[in-house]
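So you can see what is in the structure, the chains are spelled out below.
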Amino acid sequence: MDEEKAYSQNGVFAHLELLEARAYEAAVKQEEMEQQEEKLARLKARVQELRLQRDKLRAKVDLQQKEQLGKKGAVSNAAQPSARAVLEWKIKSLKAMLQIFYLTGISGKLSKRGVCFCISTAYEGTYLDSYHLDLLTKPEVQIYRHSIPIFIPLQQIAKKYLQTDIRRFLSVLSNHLNAYVGRRYQADQLQEHFSGQIKGTLQRNSLCNLLVFNYNVSSESKTFPFNVRLLYGDPCCSLPTEVVISCTPDAPASLAETAAAHSDLFRRVALHKAFRSFSSAGPV
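Reading the values: rules and limits
- Residues numbered from 1 in each chain as written.
- Predicted model: local features only at pLDDT ≥ 70, side-chain atom pairs only at ≥ 80, totals over all residues.
- Heavy atoms only, no water.
- Helix = DSSP H or I, 4+ residues; strand = E, 2+ residues; numbered from the N terminus.
- Buried < 20%, exposed > 50% of the residue type's maximum accessible area, 1.4 Å probe, protein only.
- Contact = heavy atoms within 4.5 Å.
- Pairing = 2+ DSSP bridges.
- Axes fitted to C-alpha atoms, helices over the stretch in contact; angles between N-to-C directions.
- Patch = residues over 30% accessible without salt bridge, like charges linked within 9 Å, V, L, I, M, F, W, Y side chains within 5 Å.
- Areas by Shrake-Rupley, 256 points an atom, 1.4 Å probe, with all protein chains shown as cover.
- Salt bridge = Lys/Arg side-chain N within 4 Å of Asp/Glu carboxyl O.
- Lys, Arg positive; Asp, Glu negative; His and termini not counted.
- Charge placed at Lys NZ, Arg CZ, Asp CG, Glu CD.
- Parallel < 35°, antiparallel > 145°, perpendicular 65-115°, else oblique.
- Left-handed = near helix turned anticlockwise from the far one by under 90°.

1. Some details on the overall build of the protein chain
Working step 1: Of regular secondary structure, the protein chain possesses 6 helices and 8 strands.
Working step 2: Reading the protein chain from its N end, one meets helices and strands in the order α-α-β-β-β-β-α-α-β-β-β-β-α-α.
Working step 3: Out of the 284 residues in the protein chain, the part that is buried amounts to 32%.
Working step 4: When contacts within the protein chain are restricted to residue pairs at least 6 apart in sequence, those whose partners lie at least 24 apart make up 46%.

2. A look at the sheet that holds strand 6 (residues 210–219)
Working step 1: The 4 strands lie next to each other as 5-6-7-8, forming an open sheet whose pairing is antiparallel. Strands with a single pairing partner mark the edges of an open sheet, and in this sheet they are strand 5 (198–204) and strand 8 (242–247). Strand-to-strand, the axes of this sheet are offset by a mean angle of 20°, without reference to chain direction.
Working step 2: Relative to strand 7 (residues 222–231), strand 6 runs antiparallel, the two sharing 10 bridges. Among the inter-strand pairings, Val212 is bridged to a residue of strand 7, identified as Arg229.
Working step 3: Sheet contacts for helix 5 (residues 254–268): strand 6, strand 7 and strand 8; angle to strand 8, the most-contacted strand, approximately 155°.

3. Focus: the sheet that holds strand 1 (residues 106–110)
Working step 1: One open sheet accounts for 4 strands, arranged 1-2-3-4; its pairing is antiparallel. Both edges of this open sheet fall to strand 1 and strand 4 (142–146), since each of them pairs with a single strand only. Neighbour-to-neighbour, the strand axes of the sheet open up by a mean angle of 25°, direction not taken into account.

4. Points about the pairing of strand 3 (residues 126–136)
For a regular strand, side chains alternate in direction, first toward one face of the sheet and then toward the other.
Working step 1: Pairing geometry for strand 2 (residues 114–123) and strand 3, over 9 bridges, is antiparallel. Among the inter-strand pairings, Cys118 is bridged to a residue of strand 3, identified as His132.
Working step 2: The turn joining strand 2 and strand 3, which pair antiparallel and follow one another in sequence, is formed by 2 residues; a positive phi near 50° is taken by Glu124.
Working step 3: Bridge analysis of strand 3 against strand 4 gives 4 bridges, and the strand direction is antiparallel. Directly across from Leu136, in strand 4, lies its bridge partner Gln142.
Working step 4: Here strand 3 folds back onto strand 4 in antiparallel fashion, the turn holding 5 residues.

5. As for the pairing of strand 5
Working step 1: Across 4 bridges, the pairing between strand 5 and strand 6 is antiparallel. If you follow Gln203 over to strand 6, its bridge partner there is Val212.
Working step 2: Hairpin connection, strand 5 to strand 6: the antiparallel pair is bridged by 5 residues, and Cys208 has positive phi, about 55°.

6. Describing a negative patch on the surface
Working step 1: A surface patch of like charges, here negative, comprises Glu31, Glu32, Glu34, Glu37 and Glu38.
Working step 2: Tracing the backbone through its elements, the reader meets Glu31 in helix 1 (residues 2–76).
Working step 3: Overall, the relative accessible area of 45% leaves Glu31 in the partly exposed class.

7. Side note on the packing of helix 3 (residues 154–161) against helix 4 (residues 166–193)
Working step 1: At a closest axis distance of 9 Å, the pairing of helix 3 and helix 4 adopts a crossing angle of 155°. In this view, helix 3 runs roughly antiparallel relative to helix 4, as classed from their interaxial angle. Helix 3 and helix 4 meet at a crossing whose hand is right-handed. Facing helix 3, whose interface residues are Leu154, Ile157, Ala158 and Tyr161, helix 4 presents Ile166, Arg168, Phe169, Val172, Leu173 and His176.

Keep in mind these values describe shape, not function.
Written as C-alpha cells, this is what we have:
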C-alpha cells in the first residue's frame, strides 16, 4: 500500500513538473512575442517619421522647381526652352529625387547615360532583396537594363508613369516588389517553422499571389484536414483578398466556426503569425 501511495505521489509531482515546464515555455514565448511587437512598433514609428521627412523634401523640391521655371519664364517670356535647358532641368530633378527616395528604400546615382536606381525591399523590419534599374535620360527617359523579376508588370507601370512622373513610377514599382517579397517571405517562414503542421507540399506560383496548402486541426480527439486557398488580388498588398477554407464532410460542425476564425486571421495578419497563433491556442 505504501509503495502504491508513493508511486501515486511521484505521478502527481511528475505531472506538476510537466505543467510548470509548459507554463515556463509559454511565458518565454509570450515575452519573445512582446519584444517583437515592441520592435515592430518602433520600426513602424521610424518609417512614419521617414515618410514625413520624404513628404517635406518633396514639397521643398517642387517649390524650388516652380521658382526656377518661373525665373526662366520671366527672362525668356513665352519662348520655348532649349533642349539643353530641358536636359539640365531633368538632371537637377533626378538629383533631387535621389535624395528623396533614399529615405524610402530607393537609392541611386547618376551615370554618364542616365541614372541607376537600387530598390531595397523589406517585410516587417526584415530586409530582403534588392533590385536594380538603369534608366536612360536622352533623348527621352527609357529603361536600359534591370533585374526586376519577369512576373512584375514593369512595362505596364513604365507605360503609365515613366514619361510623365518618374517619382510615381518608382513608387508603384517599389510597392509591387515589396508586396511580392512580403508574400514570398511569409510562405518561406511557414514552410521553415511550421512544416510539421503542413500536410503535403505548399503550392505557390512565381508571384506568390496564389497559395494552396493543407494543415490538420484537432477536434474531439480526432484530426481533420483543412484545405486552404489564399488569393492575393491586390498586387501591391502582402495580405490575401480572398480566403477559402474547406474540410472533409465528416468533420464536426464546430470546425465550421474554427475555419471562419482562421479565415479572418489569414486576412489580417502574416501567414506565419497566424499559424503561431493557432499553435498557442491548442486543439479545438
